[in-house]
Amino acid sequence: MPRHYDLCARVQNGFRARLPRIAVPDTKMNLAIANVLYREGFIAGVARGDHVEPDAEYVPTTPDNVATRRLWLDLKYNNDEPVLKRMSAVSKPSKKIVMKVEELQNLASGNRSQFIKGLQPGEIAILTTTFGILELREALAKGAGGEVLCRAI
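The rules behind each value
- Residues numbered from 1 in each chain as written.
- Predicted model: local features only at pLDDT ≥ 70, side-chain atom pairs only at ≥ 80, totals over all residues.
- Heavy atoms only, no water.
- Pairing = 2+ DSSP bridges.
- Helix = DSSP H or I, 4+ residues; strand = E, 2+ residues; numbered from the N terminus.
- Axes fitted to C-alpha atoms, helices over the stretch in contact; angles between N-to-C directions.
- Contact = heavy atoms within 4.5 Å.
- Core = buried A, V, L, I, M, F, W, Y, C linked by side-chain atoms within 4.5 Å.
- Buried < 20%, exposed > 50% of the residue type's maximum accessible area, 1.4 Å probe, protein only.
- Polar contact = N/O pair within 3.5 Å; in protein donor to acceptor, adjacent residues only side chain to side chain.

1. Focus: the sheet that holds strand β3 (residues 70-75)
Point 1. Reading across the sheet, the three strands line up as β1-β3-β2 and stay open at both edges, with antiparallel pairing between neighbours. The open sheet terminates on both sides in strands that have one partner only, identified here as β1 (21-25) and β2 (43-49). Adjacent strand axes in the sheet meet at a mean angle of 25°, parallel and antiparallel pairs treated alike.
Point 2. Two elements, β2 and β3, share six bridges in a ladder whose sense is antiparallel. Within the sheet, the bridge partner assigned to Ile43 lies in β3 and is Leu75.
Point 3. Helix α1 (residues 4-16) rests against β1, β2 and β3 of the sheet, and its axis sits at about 165° to β1.

As structure tokens, then:
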């Protein structure tokens, strides 16, 4: 099953190759992370489709077609430069990074927390919390800690 670090690598490689759109496996976690990237303005759109192209009209996912379903992310460029410069996984299978609200506040204010550099202006962190997958500032507004999945600038 694809994990968040696979999505980070695919998105970063797509921007480096200057692709207009990329396909990633259609999972709930990938969809939630893609929605955060869309809300924060790093990608232009998210659509479901098969392994060839996005769907023109809605096609439900069934046990018969689940293996071919993909999320299509429309990558965003500004003056022919990628909007997303770097996307990297923070938590890895060998080292899960879970933070409390106080540690997340340090991270959001630009200070180091648990061997992780603080966020720079324009940078986001994506977390999985009890409220679902959220951006760091959304998690702080809800008072939720959680596992830091990735960061993007």
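2. Some remarks on the nonpolar core
Point 1. Ranked by size, the top nonpolar core spans 23 residues in total, and within it Val11, Ile33, Leu37, Leu73, Leu84, Met87 and Ile126 carry the most contacts.
Point 2. Listing elements by their share of this core, those giving two or more residues are α1, β1, α2 (28-39), β3, β8 (124-129) and β10 (146-152).
Point 3. Leaving out residues up to four positions away in the same chain, Met87 has contacts with Cys8, Val11, Gln12, Ile33, Leu37, Cys150, Arg151 and Ala152.
Point 4. Counting residues in each nonpolar core, the second largest holds 13 residues, with Val90, Met99, Leu104 and Ala125 among its members.

3. Considering the environment of Arg151
Point 1. Position of Arg151 among the secondary structure elements: in strand β10.
Point 2. Side-chain polar atoms of Arg151 contact the side chain of Glu123, separated by 2.7 Å.

4. Quick word on the environment of Lys142
Point 1. Along the chain, the position of Lys142 falls in helix α4 (residues 136-142).
Point 2. On the basis of relative accessibility, which here comes to 46%, the residue Lys142 falls in the partly exposed class.
Point 3. Sequence spacing of Lys142 and Met87 is 55 residues, and the spatial spacing of their C-alpha atoms is 24 Å.
Point 4. Not counting chain neighbours up to four residues away, the residues in contact with Lys142 comprise Phe131 and Leu134.

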